[in-house]
Amino acid sequence: MTQDRRLVIAIDGPAAAGKGTLARRIAENYGLAFLDTGALYRAVGLAMLRSGLDPDDPEAAARVARGLDLELLEDPELRTLKAGDAASRVARHAGVRAALLEFQRDFARNAPGGAVLDGRDIGTVVLPDADVKLFVTASAQVRAERRYRELKEQGRDVSFEDVLAMVKERDARDAARTEAPMKPAPDAHLLDTSEMDICAAFRAARRIIDAHLAGGTGGRG
Ligand code: C5P
């Protein structure tokens, strides 16, 4: 579909809720650029681990974030549980978040036609003026099952129990932190995908976005 004005979409939600797949689909459908902001935090976490630095060290993490090597965004290790865990540790530091903020805003501002960004604080902090905000959730059990399947398909040696524990731990850490905690923006549309496959989730998201483009509210809530 084409549109004659810029469209900026913020997608937030907990780990393994299917935001990434949904965001990519939306970007493709509406001809928008896509940024997986979790990959930025993962890249910082991974760089710290590789340099033998402690992800809980705020100064070292901020330094790494300010000099982030964007080539790391293509690194296959970015998707491991270890990188995800390090990401959610470095993501608690204000200096890290500040270092990554302008990159994310510039991306949204400069993308011709507009952009889709997915993360935890896109609708609340990074792009509070986004045209459409979605908060995508699913139960912890369902999210762990999805992530477990994904990791297994990649040939990774993980147990379901470890994945479920990771999901719960990251939810708790991301929601409880003081800096830009994960939460739905007041004007976000909530999308619970526990009972939906990706096609159904995409249809639901499209209804909301199309209602916005048509000038309606899209049945917020
Ligand atoms: O989405 P993903 O699981 O790749 O994100 C990894 C971690 O990065 C999250 O658990 C969260 O702590 C952090 N993150 C964040 N803000 C974002 C995106 C990710 O704090 N906008």
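All of the points below concern the structure found in this document. (Residues numbered from 1 in each chain as written. Predicted model: local features only at pLDDT ≥ 70, side-chain atom pairs only at ≥ 80, totals over all residues. Heavy atoms only, no water.)

What to know about the site of the ligand
Line of reasoning, step 1. The immediate surroundings of the ligand are formed by 16 residues, with Arg42, Arg97, Arg170, Asp174 and Arg177 found nearest.
Line of reasoning, step 2. Measuring from an oxygen atom of the ligand, one finds a side-chain N or O atom of Arg42 at 2.5 Å.
Line of reasoning, step 3. At a separation of 2.6 Å, an oxygen atom of the ligand approaches a polar side-chain atom of Asp174.
Line of reasoning, step 4. Alone, the ligand offers 450 Å² of accessible surface; in the complex the protein occludes 97% of this.
Line of reasoning, step 5. Counting residues per element, the ones that place at least two in the shell around the ligand are helix H2 (37-50), helix H4 (81-90) and helix H8 (160-176).
Line of reasoning, step 6. It is H2 that provides the largest number of residues to the shell around the ligand, a total of four residues.
Line of reasoning, step 7. Looking at side-chain class alone, the shell around the ligand contains four nonpolar, four polar and eight charged residues. (Near = heavy atom within 4 Å. Polar contact = N/O pair within 3.5 Å; in protein donor to acceptor, adjacent residues only side chain to side chain. Areas by Shrake-Rupley, 256 points an atom, 1.4 Å probe, with all protein chains shown as cover. Helix = DSSP H or I, 4+ residues; strand = E, 2+ residues; numbered from the N terminus. Nonpolar A, V, L, I, M, F, W, Y, C, P; charged D, E, K, R; others polar.)

Describing the sheet that holds strand E5 (residues 189-192)
Line of reasoning, step 1. On the basis of which strands lie adjacent, the open sheet formed by five strands has the order E2-E3-E1-E4-E5 and parallel pairing. The open sheet has two free edges, formed respectively by strand E2 (33-36) and E5, since each of these has just one partner strand. Put simply, the sheet's adjacent strands are angled 20° from each other on average, direction ignored.
Line of reasoning, step 2. Summarising the sheet, E2 and strand E3 (residues 114-119) pair through four bridges and their orientation is parallel. (Pairing = 2+ DSSP bridges. Axes fitted to C-alpha atoms, helices over the stretch in contact; angles between N-to-C directions.)

Some details on the pattern of salt bridges
Line of reasoning, step 1. Considering all chains together, one arrives at 17 salt bridges under this definition.
Line of reasoning, step 2. Between Arg89 and Asp85 there is a salt bridge whose closest N-O contact spans 3.1 Å. Here Asp85 and Arg89 lie together in helix H4, a separation of four residues that amounts to about one turn.
Line of reasoning, step 3. According to the relative accessible area criterion, Asp85 is partly exposed, its value standing at 26%.
Line of reasoning, step 4. Between Arg143 and Asp171 there is a salt bridge; the shortest N-O distance is 2.6 Å. You can see Arg143 sitting in helix H7 (residues 140-153) and its partner Asp171 sitting in helix H8, a full 28 residues away along the chain. (Salt bridge = Lys/Arg side-chain N within 4 Å of Asp/Glu carboxyl O. Buried < 20%, exposed > 50% of the residue type's maximum accessible area, 1.4 Å probe, protein only.)

Digging into the side chain of Asp75
Line of reasoning, step 1. If you trace the backbone, Asp75 turns up in the loop between helix H3 (58-66) and H4.
Line of reasoning, step 2. Of note is the side chain of Asp75, whose polar atom sits 2.8 Å from the side chain of Arg50.
Line of reasoning, step 3. A distance of 2.8 Å separates a polar side-chain atom of Asp75 from the backbone nitrogen of Glu77.
Line of reasoning, step 4. If we skip the residues at most four places from it in the chain, Asp75 touches Leu46 and Arg50. (Contact = heavy atoms within 4.5 Å.)

Let's talk about the nonpolar core
Line of reasoning, step 1. One finds Ile9, Ile11, Leu22, Ile26, Val116, Leu134 and Ile209 to be the most contacted residues of the largest nonpolar core, which totals 22 residues.
Line of reasoning, step 2. Secondary-structure elements contributing two or more residues to this core are strand E1 (7-12), helix H1 (19-30), strand E4 (132-137) and helix H9 (198-213).
Line of reasoning, step 3. A per-element tally of this core places H9 first, with seven residues.
Line of reasoning, step 4. Those residues in contact with Leu22 that lie beyond four places of it in its chain are Val136, Leu191, Ile198, Ala201, Phe202 and Ala205.
Line of reasoning, step 5. Judged by nonpolar contacts, the second largest core, of 21 residues, contains Ala47, Val64, Val90 and Ala91. (Core = buried A, V, L, I, M, F, W, Y, C linked by side-chain atoms within 4.5 Å.)

Some points on the packing of H7 against H8
Line of reasoning, step 1. Two elements in contact, H7 and H8, have axes separated by 9 Å at closest approach and are oriented at 125°. By the angle between their axes, H7 is oblique relative to H8. For H7 against H8, the interelement crossing comes out right-handed. Counted together, Ala140, Gln141, Arg143, Ala144, Glu145, Arg147, Tyr148 and Leu151 of H7 and Phe160, Val163, Leu164, Met166, Val167, Lys168, Arg170 and Asp171 of H8 form the full contact between these two elements.
Line of reasoning, step 2. Considered class by class, the residues forming the contact of H7 with H8 number nine nonpolar, one polar and six charged. (Parallel < 35°, antiparallel > 145°, perpendicular 65-115°, else oblique. Left-handed = near helix turned anticlockwise from the far one by under 90°.)

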